[in-house]
Amino acid sequence: MIKRFTITAVVLLVAALMLGQGNLIIYGWSDYIPDEVIEVFSQEYGIRVTYDTYDSNETMFAKLKAGARGYDLAMPSADYTSIMIKEEMLLTIDKSLVPNLANIDPNVIEKMYYDPNNIFSIPYMVGTTGIAVNTKYIKSYPRSWKIFELPQLQGKMTMLDDMREVFGAALKYLGYSVNTTDVNELQEAKNLILNWKRNIAKFDNELFAKGIISGEFWVVHGYGENIFYEATEEELKDIDFFIPFEGSTMWIDSFVILKGSNNVENAHLFIDFILRPEIAAMISDYLLLPSPNVPARELMEEEPVYTFEEMENTELIKDLGPDLRLYNTLWNEIRFGL
């Protein structure tokens, strides 16, 4: 999921709520849908779109659970889609209104264990997390999570401030599942992360892309699409982004229609519009991500940061239910020494 961390709204939410019919209010990740795509949709259907943003699944979920109303669509990742289904926060999808769902790669649908028949969610983007190295400062390095063990890079590296992503990295390095609930495996991962923590400058979600480009940091754990979005073509010549050979996490971001939506028909129209091959190709070119939309792949003009083939050794982050408390406890010990 391309994660931009400046929270803005395309149009004021309050104003949109007052307009009544002909609206669509989306709650999604920042800069995740090109403005041009929203403009084309608005012009074609005469629907005014409001795009309000969040910086994490946790933020989105907490706001909706706290009673935020008026949103039609959200874009949670797989684990939070699963949670929202269990919490009965979503409306069912009328698939007769989304015929372009047929364009989605069956291999992507197959990974959606939490909603195997797309009753509540329609996939938007699939991606992974990796490591970026600024080769202006480092010439030789392992294409592995082991890079965070190198003492000579102390203070010049960052990792995401994201519990599941960091644990996912450690667990993959150790040969375990990113969704393990085995206490011994998690304790081993915690000890490894503490070792990495000695070498990294910080856990960071906000500045890793700018930091690796500027040379403030030489190695960062993060989302390749964020880095490629920030960098110029000249700057990208020095950036090596890779998925460690041990594997990494996988995410699937989907559209869901929220209970309380006042614009259900418009929400379906928008989802089906996004799944048009030419629109899906435009989005993937903008994000530099591989498209889960099969016919769109032939229409793409840009090379993605990585391919689906390169994601073979990635593993989907799943909703762990009550067992997530194990991770929370260990993460607090890592971050705050609690």
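Refer to the preceding data block for the structure.
Predicted model, so just to flag it, every value in this text is computed and none were measured.

**Q** What should I look at first to understand helix 2 (residues 35-45) in this one?
**A** Two residues of an α-helix separated by three or four positions point the same way, owing to the 3.6 residues in each turn. The complete set of buried residues in helix 2 reads Val 37, Ile 38 and Phe 41. Seen end-on, helix 2 carries its buried residues on one side only, within an arc spanning 95°.

**Q** Would you take a moment to explain a negative patch on the surface for this structure?
**A** A grouping of Glu 303, Glu 309, Glu 310 and Glu 312 is seen on the molecular surface, where their side chains present a negatively charged patch. Looking at where Glu 310 falls in the secondary structure, it is placed in the loop between helix 12 (277-287) and strand 11 (314-316). Overall, Glu 310 belongs to the partly exposed group, its relative accessible area being 47%.

**Q** I keep staring at the packing of aromatic side chains and nothing clicks. Help me out?
**A** Aromatic ring pairs are described here by two measures, namely the spacing of the ring centres and the angle between the planes. A full pass over the atoms with the stated rule returns 22 aromatic pairs. Look at Tyr 32 and Tyr 124: their rings are 5.0 Å apart centre to centre, the planes differ by 85°, and that puts the pair in the edge-to-face class. Of this pair, Tyr 32 sits in the loop between strand 1 (23-29) and helix 2 while Tyr 124 is found in strand 4 (residues 121-128), placing the two residues 92 residues apart along the sequence. Like Tyr 32, the residue Tyr 124 is buried in the burial classification. Judged by centre distance (5.3 Å) and plane angle (0°), the rings of Tyr 137 and Trp 218 are stacked. Residue Tyr 137 is found in the loop between strand 5 (130-134) and strand 6 (157-159), and its partner Trp 218 is found in the loop between helix 8 (208-214) and strand 8 (219-222); the two are separated by 81 residues along the sequence. Judged by its relative accessible area of 35%, Tyr 137 is partly exposed. Ring-pair connections join several aromatic residues into one group, and the members of that group are Tyr 32, Phe 41, Tyr 45, Tyr 124, Phe 255, Phe 270 and Phe 273. The ring of Tyr 327 has Arg 164 sitting right over it, with the charged end atom 5.1 Å from the ring centre. A cation sits over an aromatic face here: Lys 318 above Tyr 113, 4.9 Å from the ring centre.

**Q** Would you mind showing me how to read the packing of helix 6 (residues 163-174) against helix 7 (residues 183-197) here?
**A** Geometry of a packed helix pair, given as the angle between the helix axes and the separation of the axes. Close contact between helix 6 and helix 7 brings their axes to 9 Å; oriented N to C, the two are set at 105°. The angle between the axes of helix 6 and helix 7 places the two elements in the roughly perpendicular class. Here Val 166, Phe 167, Ala 169, Ala 170, Leu 171, Tyr 173 and Leu 174 of helix 6 come into contact with helix 7, specifically with Glu 185, Leu 186, Glu 188, Ala 189, Lys 190, Leu 192, Ile 193 and Trp 196. A breakdown of the residues in the contact of helix 6 with helix 7 according to their chemical character gives 12 nonpolar, no polar and three charged.

**Q** Hey, could you run me through the packing of helix 3 (residues 57-65) against helix 4 (residues 78-86) in this one?
**A** Orientation of helix 3 relative to helix 4, taken along the N-to-C sense of each, is 15°, at an axis distance of 10 Å. The angle between helix 3 and helix 4 falls in the class roughly parallel. The crossing of helix 3 and helix 4 is right-handed. Of the residues in helix 4, those in contact with Asn 57, Glu 58, Met 60, Phe 61 and Leu 64 of helix 3 are Tyr 80, Ile 83 and Met 84. Taken together, the residues that form the contact of helix 3 with helix 4 break down as six nonpolar, one polar and one charged.

**Q** Explain empty space enclosed by the protein here, please?
**A** Inspection of every chain in the model, using the stated rule, returns one cavity of 30 Å³ or more. Together, Ile 104, Pro 123, Tyr 124, Met 125, Ile 274, Leu 275, Ala 280, Ile 283, Ser 284, Ser 291, Pro 292 and Asn 293 line the largest cavity. If you list the elements that add at least two residues to the lining of the largest cavity, you get strand 4 and helix 12. Along the lines of polarity and charge, the residues of the lining of the largest cavity split into nine nonpolar, three polar and no charged.

**Q** Even after reading the chapter, I still don't get unusual backbone geometry, so can you show me in this structure?
**A** In most cases, non-glycine residues show a negative phi, while peptide bonds are predominantly trans. One non-glycine residue, Asp 31, adopts positive backbone phi at about 55°. As for its placement among the helices and strands, Asp 31 is situated in the loop between strand 1 and helix 2. For Asp 31, a relative accessible area of 35% corresponds to the partly exposed category. In this structure, Asn 118 is a non-glycine residue whose phi angle is positive, near 55°. Take Asn 118: it is sitting in the loop between helix 5 (106-111) and strand 4. Given a relative accessible area of 5%, Asn 118 falls into the buried group.

**Q** Looking at this model, I keep getting lost on the layout of surface pockets. Mind explaining?
**A** Of the voids in this model, the largest pocket is the one considered here, and its volume is about 550 Å³. Around the largest pocket, the lining is made up of 31 residues, and of these Glu 58, Tyr 80, Asp 162, Met 163 and Arg 164 lie nearest the centre. Among the secondary structure elements, those contributing two or more residues to the lining of the largest pocket are helix 3, helix 4, helix 6, strand 10 (248-257) and helix 13 (324-336). Of the residues contributing to the lining of the largest pocket, the split by class is 14 nonpolar, six polar and 11 charged. Roughly 330 Å³ of volume is contained in the second largest pocket. Pro 290, Arg 297, Thr 307, Phe 308 and Glu 309 are, among the 18 residues lining the second largest pocket, the residues nearest its centre. The biggest single contributor to the lining of the second largest pocket is helix 5, with three residues.

Rules behind the numbers
- Residues numbered from 1 in each chain as written.
- Predicted model: local features only at pLDDT ≥ 70, side-chain atom pairs only at ≥ 80, totals over all residues.
- Heavy atoms only, no water.
- Buried < 20%, exposed > 50% of the residue type's maximum accessible area, 1.4 Å probe, protein only.
- Helix = DSSP H or I, 4+ residues; strand = E, 2+ residues; numbered from the N terminus.
- Arc of directions from axis to C-beta.
- Patch = residues over 30% accessible without salt bridge, like charges linked within 9 Å, V, L, I, M, F, W, Y side chains within 5 Å.
- Areas by Shrake-Rupley, 256 points an atom, 1.4 Å probe, with all protein chains shown as cover.
- Salt bridge = Lys/Arg side-chain N within 4 Å of Asp/Glu carboxyl O.
- Lys, Arg positive; Asp, Glu negative; His and termini not counted.
- Charge placed at Lys NZ, Arg CZ, Asp CG, Glu CD.
- Phe/Tyr/Trp six-rings, centres within 6.5 Å; stacked < 30°, edge-to-face > 60°.
- Lys NZ or Arg CZ within 6 Å of the ring centre and 35° of its normal.
- Axes fitted to C-alpha atoms, helices over the stretch in contact; angles between N-to-C directions.
- Parallel < 35°, antiparallel > 145°, perpendicular 65-115°, else oblique.
- Contact = heavy atoms within 4.5 Å.
- Nonpolar A, V, L, I, M, F, W, Y, C, P; charged D, E, K, R; others polar.
- Left-handed = near helix turned anticlockwise from the far one by under 90°.
- 1 Å grid on protein atoms, 1.4 Å probe; cavity = no way out; pocket = protein on both sides within 12 Å on 5 of 7 lines; lining within 4 Å.
- Points joined across faces, edges and corners; volume = space filled by probe spheres on them.

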